[in-house]
Number of protein chains: 2
Amino acid sequence: MNTTEQELDSVLEAASAAHRPLAGLRPAVRAELLRRIADALDSAAGELVPLAMRETRLPEARLTGELGRTTFQLRLFADVLVDGGYLEATIDSPEPTWPAGGRPDLRRMLVPLGPVVVFGASNFPFAFSVAGGDTAAALAAGCPVVLKAHPGHLELSDRTGKIVTAALGAGGAPDGAFAVVYGEDAGRAAVLDRRIRAGAFTGSLHGGRALFDLACSRAEPIPFYAEMGSVNPVFVTEAAVRARATELVEGYLGSYTLGAGQFCTKPGLLFVPASAAEDLERRLVAAVAERAAAPLLNERIAGGYASTLRTLTEHPAVRVLRAGEDTADGPSSTLLGTTAADFVERCDELLTECFGPASIVVRCASDVEMLAAARTFTGELTATVHGEPGDELAGALLAELAERAGRLIWNGWPTGVAVTHAMQHGGPYPATTAPTHTSVGTTSIRRFLRPVCYQNAPRHVLPEALRDGNPLGIPRRVDGTLVAGA
Amino acid sequence: MNTTEQELDSVLEAASAAHRPLAGLRPAVRAELLRRIADALDSAAGELVPLAMRETRLPEARLTGELGRTTFQLRLFADVLVDGGYLEATIDSPEPTWPAGGRPDLRRMLVPLGPVVVFGASNFPFAFSVAGGDTAAALAAGCPVVLKAHPGHLELSDRTGKIVTAALGAGGAPDGAFAVVYGEDAGRAAVLDRRIRAGAFTGSLHGGRALFDLACSRAEPIPFYAEMGSVNPVFVTEAAVRARATELVEGYLGSYTLGAGQFCTKPGLLFVPASAAEDLERRLVAAVAERAAAPLLNERIAGGYASTLRTLTEHPAVRVLRAGEDTADGPSSTLLGTTAADFVERCDELLTECFGPASIVVRCASDVEMLAAARTFTGELTATVHGEPGDELAGALLAELAERAGRLIWNGWPTGVAVTHAMQHGGPYPATTAPTHTSVGTTSIRRFLRPVCYQNAPRHVLPEALRDGNPLGIPRRVDGTLVAGA
């Protein structure tokens, strides 16, 4: 099923040819394309969800919800296009007295980068795969998408791809605006091909870094946006334990075992005050025992989980609080323990994402130790603090963690990433290769846009977004002041 | 004078320590710091300009103007900080019915990346050097700056650096917010140091690419924004020649010989219709002969110019229309010629930046040839089209060039880059390593910012920019709608 070199060349040639026509469509027309894709996917739910269940072993309710999230995301990007603010249209009028030589008529907007290669993820067969967030953002921006299917759900990728292509075609999109390719070789070749102008990836640190390195190694390097997962530390203060220990135990357990721990926002480390640790650990172990085991996505994921878990379990600084078992339904959840002193000293070994239902409780002997542990992180998708009003430690933790994570959660849990305007799903390396961007939320479109400025251009050669009279009715910044759209 | 390893370590440690205090200052307070720097530089003009004249051989009027541009730039960024829109503060209210699981309270803003290393340029000893655009943007963002001085103006760098440091200190900035380092080793070591979180560079393709590769090679890669110059093609249609040949000759000559051709926006290629070529070439040669020679910045630049010019001159597809001479005042201007057919076939050899007073006239036998020539470009800071109303070729050229350049100039010249909101100074590789950004204009601040999102955070742990009631009075996006600031 792997895409051959020749097939890939045809796909890239078609994507390249589709770039100008797709970019040339009015934003409102591209919005209609996204809505058509969403409608077509919703209509095919009865076919797609069972297919996804079979290929990913994920349960029906979860997959139905994920498909809903996927089509909502496409429709939200349609709204972004209609609003038009994403174009960042900016107009500076001629001003001869402007310092340093006067100001000509300057008009700037964002335009699509060109064809993008997107790598589907294993753990979200809909929302971060063929028609997922990266595809939605790139198509919304006006970039043709070459989608490299994840081997964990090939048949679903093929079906989803056909539905997307058909919906685009029916809506008048140029041929080549979207295609699915198969196989690691095709993925790597696409990243290296000069017709590809950006890449997006969701998956492991190992895979993401390798593709990022390829993208940077090109004669003409391109932006490569890899989201590579995270450990997502959770910090709990003494005040929080005193106020709501039961809620903390249940919430943490629910978050780290959700979807069998196969989320990039799964909390992998729980930092607790030593004074409360024994009690919390006992309660967690009791509650873990009652959780049902769930299958992992596929053999590759299961093998990686077993291997990482073994390394952690055998680490001299780690105690096993509750060992998960291999059941017919999959691995049951594991809970490990260590101390903040050991963690800080050996964070190179312990600060590693264990993709599956395992987590580590870290006993902190003091506030100072907990803060020192917070400082070991360099780049996380999320960091969570549980504190109470007037809780100084909680504030200090948040301040440290704001330097290190993309999203800071207060008295909540990191799993569950809402698709909104303000969402940030990203962070400094190793969470991503692009700390200045997000891969979820409406601003993720910016990854696929670059600015172009027209100087003294007359009306007939200006894009509509920049013309006098604002024919598109979009928000624009005129002489430094934001002016609302129609 | 080179910075030792130990000295660099102290500088980086101080920059790292300064990050949180600098980032923690209110934007309006950082604005005051930028204004203090601007005031101090303006006050020192009587000392700085003569120093710059001696080190760079640039004339007084040019340097006085450039210093004015530099301090204007600092003050414009101060205005950006006071406005606050650059923070992109975005608030989504809790909405339980939001699709795919409900929406928590999400509040997103941009925060500084951390210490930045900035490489000063040779050809703008003020505006793209110690206190230049990159420094202004990074300090405005709240990032400490480690400035690697260009060897072409070391004494000026030292003096400017001392003035910047003193102004920051007087304004209450944390120690370590700014420092100048010297020597290529120190520059490379800074790019590789984990305390540095981003880099910015203006200079040659060779130098920029080498530093970009270093930045990407790190265990924790960082964004590296290199602006690496450009050939800046100019296209002239037959209609434009008919309408204003004299103006075209004078304008082109003025632009390519300005500052002895030592601008990254110098037009290096003039594409003209073959029908008008002989006349235009004759007029250009006559006008070139009347231009006074001017010294190049330094021996290194002069050597590079002589070498590149020799390669071009000896190229079999190139005719010498007017050979410049080495005079006591520097090289006089050179004009070369070729054909579009040769150019398209051998653009790998001919499409090269020749930093100095030389340019190539390219004869295009047809509109098709001119369009084919436009398609050879992959990444330019600017592209210019001279056309007339109803000129279809001009429109087609602009459409091609919009894919390939950051700024499109209509009936004008690329030299002269206004510092405004709508300016774009960047472009696809090889113009820069970051096609999604600009290094001039107010949006250049975004290079040094990353998004952080707070989920369900109470007032006392939220940054002021995100609190209810908008205490900073800044523009914010609330539930998808832009709300103006106070």
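Conventions we followed
- Residues numbered from 1 in each chain as written.
- Chains lettered and ligands numbered in written order.
- Predicted model: local features only at pLDDT ≥ 70, side-chain atom pairs only at ≥ 80, totals over all residues.
- Heavy atoms only, no water.
- 1 Å grid on protein atoms, 1.4 Å probe; cavity = no way out; pocket = protein on both sides within 12 Å on 5 of 7 lines; lining within 4 Å.
- Points joined across faces, edges and corners; volume = space filled by probe spheres on them.
- Helix = DSSP H or I, 4+ residues; strand = E, 2+ residues; numbered from the N terminus.
- Buried < 20%, exposed > 50% of the residue type's maximum accessible area, 1.4 Å probe, protein only.
- Pairing = 2+ DSSP bridges.
- Disulfide = S-S within 2.5 Å.
- Axes fitted to C-alpha atoms, helices over the stretch in contact; angles between N-to-C directions.
- Parallel < 35°, antiparallel > 145°, perpendicular 65-115°, else oblique.
- Left-handed = near helix turned anticlockwise from the far one by under 90°.
- Contact = heavy atoms within 4.5 Å.
- Nonpolar A, V, L, I, M, F, W, Y, C, P; charged D, E, K, R; others polar.
- Least-squares fit on C-alpha atoms with pLDDT ≥ 70 in both.
- Core = buried A, V, L, I, M, F, W, Y, C linked by side-chain atoms within 4.5 Å.
- pLDDT = per-residue confidence, 0-100.
- Phe/Tyr/Trp six-rings, centres within 6.5 Å; stacked < 30°, edge-to-face > 60°.
- Lys NZ or Arg CZ within 6 Å of the ring centre and 35° of its normal.
- Buried area = accessible area lost by both parts, 1.4 Å probe.
- Salt bridge = Lys/Arg side-chain N within 4 Å of Asp/Glu carboxyl O.
- Polar contact = N/O pair within 3.5 Å; in protein donor to acceptor, adjacent residues only side chain to side chain.
- Expected span 1.5 Å × (residues − 1).
- Bend = angle between axes of the 7 residues up to and from the residue.

### Things to note about the layout of surface pockets
By volume, the second largest pocket is sized at about 1300 Å³. Taken together, 49 residues make up the lining of the second largest pocket; nearest its centre are B:Gly203, B:Ser204, B:Leu205, B:His206 and B:Gly207.

### Points about unusual backbone geometry
All names here are of chain A. Residue Pro 430 is reached from Tyr 429 by a cis peptide bond, and omega for that bond is 10°. With respect to the element layout, Pro 430 can be found in the loop between strand 16 (405-410) and strand 17 (449-455). Positive phi outside glycine occurs at Glu 88, with the angle close to 50°. Structurally, Glu 88 can be placed in the loop between helix 4 (60-83) and strand 1 (90-92).

### Quick word on the pairing of strand 17 of chain A
A large share of strand 17 of chain A lies buried, amounting to seven of its seven residues. Going residue by residue along strand 17 of chain A, you find A:Leu449, A:Pro451, A:Cys453 and A:Gln455 tucked away on one face and A:Arg450, A:Val452 and A:Tyr454 tucked away on the opposite face as well. Direction of pairing for strand 2 (residues 106-112) of chain A relative to strand 17 of chain A: antiparallel, over a ladder of seven bridges. When the sheet's bridge partners are listed, A:Leu106 is paired in strand 17 of chain A with A:Gln455. Bridging between strand 17 of chain A and strand 16 (residues 405-410) of chain B involves three bridges; their strand directions are parallel. Bridge pairing in strand 16 of chain B links A:Gln455 to B:Ile409.

### Quick notes on the state of the cysteines
Residue and element names in this part refer to chain A. Following the criterion strictly, the structure yields zero disulfides over all chains and no others. Between Cys 354, a free cysteine, and Cys 264, which holds the nearest cysteine sulfur, the sulfur-to-sulfur gap is 15 Å. Residue classification places Cys 354 among the buried positions, given a relative accessible area of 7%.

### Observations concerning the packing of helix 2 (residues 27-43) of chain B against helix 6 (residues 154-170) of chain B
The description of two helices packed together rests on the angle between their axes and the distance between the axes. Residue and element names in this part refer to chain B. Packing of helix 2 against helix 6 leaves a shortest axis separation of 9 Å and a crossing angle of 135°. Relative to helix 6, the element helix 2 is oriented oblique. For helix 2 against helix 6, the interelement crossing comes out right-handed. Contacts from Leu 33, Arg 36, Ile 37, Ala 40 and Leu 41 of helix 2 reach helix 6 at Thr 160, Ile 163, Val 164, Ala 167, Leu 168 and Ala 170. Partitioning the contact of helix 2 with helix 6 into residue classes produces nine nonpolar, one polar and one charged.

### Digging into the environment of A:Glu13
All names here are of chain A. By secondary structure assignment, the location of Glu 13 is in helix 1 (residues 5-24). Under the relative-accessibility criterion, Glu 13 is labelled partly exposed at 45%. Considering only alpha carbons, one finds Glu 13 and Gly 176, 163 residues apart in sequence, at a separation of 8.0 Å.

### Topic: the relation of the copies chain B and chain A
Copy one and copy two of the chain differ by a rotation about an axis and a translation along that axis. Rotating chain B by 180° and moving it 0.0 Å along the rotation axis overlays it on chain A with an RMSD of 0.0 Å. Look at the turn and shift together and you get a two-fold axis relating the two. Within chain B, B:Cys216 has its C-alpha nearest the rotation axis, a separation of 3.5 Å.

### A few points about the nonpolar core
Core analysis: the biggest nonpolar cluster contains 211 residues, and A:Phe271, A:Phe448, B:Phe271 and B:Phe448 have the highest contact counts within it. Apart from residues lying up to four places away in sequence, B:Phe448 is in contact with B:Val111, B:Pro112, B:Leu113, B:Val116, B:Asp134, B:Ala137, B:Ala138, B:Ala141, B:Cys143, B:Ala198, B:Ala200 and B:Tyr225. Counting 47 residues, the second largest nonpolar core, distinct from the first, contains A:Ala179, A:Tyr429, B:Ala186 and B:Phe212.

### Here's the deal with the confidence of the model for chain A
Mean pLDDT over chain A stands at 97; residues scoring 70 or higher make up 100%. Predicted as a complex, the structure gets a pTM of 0.97 and an ipTM equal to 0.97.

### Here we look at the packing of aromatic side chains
Enumeration over the complete set of coordinates arrives at 26 aromatic pairs over all chains. For the pair B:Tyr225 and B:Phe448, a centre-to-centre distance of 5.8 Å together with 85° between the ring planes defines the contact as edge-to-face. Of this pair, B:Tyr225 sits in strand 7 (residues 224-227) while B:Phe448 sits in the loop between strand 16 and strand 17 (449-455); the two residues are 223 residues apart in sequence, bridging distant segments of the chain. Assigned by exposure class, B:Tyr225 and B:Phe448 land together as buried. Three or more aromatic residues joined by ring pairs make a cluster, and in this case those are A:Phe235, A:Phe271, A:Phe343 and A:Phe377. One Lys or Arg, B:Arg447, reaches over the ring of B:Tyr225 and ends 5.9 Å from the middle of that ring.

### Re the sheet that holds strand 2 (residues 106-112) of chain B
One open sheet accounts for twelve strands, arranged 10(A)-13(A)-14(A)-9(A)-8(A)-15(A)-16(A)-17(B)-2(B)-1(B)-18(B)-19(B); its pairing is mixed. Two strands in the sheet have a free side with no partner beyond their single neighbour: strand 10 (319-322) of chain A together with strand 19 (481-483) of chain B. Along the sheet, successive strands turn relative to each other by an average axial angle of 25°, direction set aside. As paired strands, strand 1 (residues 90-92) of chain B and strand 18 (residues 476-478) of chain B are joined by two bridges and run parallel to one another. Note on strand 18 of chain B: the bridge partner recorded for B:Ile91 is B:Val478. Set on the sheet, helix 10 (residues 274-289) of chain A makes contact with strand 9 (269-273), strand 10, strand 13 (334-339) and strand 14 (358-364) of chain A; between it and strand 9 of chain A the angle comes to about 135°. On top of the sheet, helix 14 (residues 367-374) of chain A reaches strand 8 (233-236), strand 9 and strand 14 of chain A; it is set at about 165° to strand 9 of chain A, its chief contact.

### Concerning the interface of chain B and chain A
With 82 residues of chain B in contact, the opposing surface of chain A contributes 82 residues. Summed over both sides, the interface of chain B with chain A buries roughly 6400 Å², with 58% coming from carbon and sulfur. Counting every contact that joins chain B to chain A gives six salt bridges. Taking the shortest distance from any N to any O, the salt bridge between A:Glu88 and B:Arg446 comes out at 3.2 Å. Viewed at the interface, chain A and chain B are joined by 42 residue pairs in polar contact (both at pLDDT 80 or more). At the level of elements, helix 1 (5-24), helix 4 (60-83), strand 1, strand 2, helix 8 (205-217), helix 15 (392-402), strand 16 and strand 17 of chain B are the ones that each hand at least two residues to the side of chain B that touches chain A. If you tally residues by element for the side of chain B that touches chain A, the top one is strand 17 of chain B, at seven residues. For the side of chain B that touches chain A, the class distribution of residues is 40 nonpolar, 19 polar and 23 charged.

### Notes on empty space enclosed by the protein
A complete count under the given rule lists 15 cavities of 30 Å³ or more for this structure. Roughly 890 Å³ of volume is contained in the largest cavity. Taken together, 36 residues line the largest cavity, and the ones lying closest to its centre are A:Gly85, A:Glu88, A:Arg446, B:Glu88 and B:Arg446. Going through the elements one at a time, helix 4, strand 2 and strand 18 (476-478) of chain A together with helix 4 and strand 18 of chain B are the ones with two or more residues in the lining of the largest cavity. In the lining of the largest cavity, the residues fall into 15 nonpolar, ten polar and eleven charged. In terms of lining residues, the second largest cavity is bounded by 26 residues, among which A:Pro223, A:Phe224, A:Thr433, B:Pro223 and B:Thr433 are the most central. Of all the secondary structure elements, the ones that give two or more residues to the lining of the second largest cavity are helix 8 (205-217) and strand 7 (224-227) of chain A together with helix 8 and strand 7 of chain B. Looking at the lining of the second largest cavity residue by residue, the classes come out as 19 nonpolar, seven polar and no charged.

### Looking at helix 10 (residues 274-289) of chain B
Residue and element names in this part refer to chain B. Here helix 10 spans 23 Å end to end across 16 residues, near enough to the 22 Å set by a 1.5 Å rise per residue. Where helix 10 bends most, the angle comes to about 25°, and this point is Leu 280. Among the residues making up helix 10, those that are buried are Ala 276, Ala 277, Leu 280, Glu 281, Leu 284 and Val 288. Against the buried residues of helix 10 lie helix 9 (238-257), strand 9 (269-273), strand 10 (319-322), strand 13 (334-339) and strand 14 (358-364).

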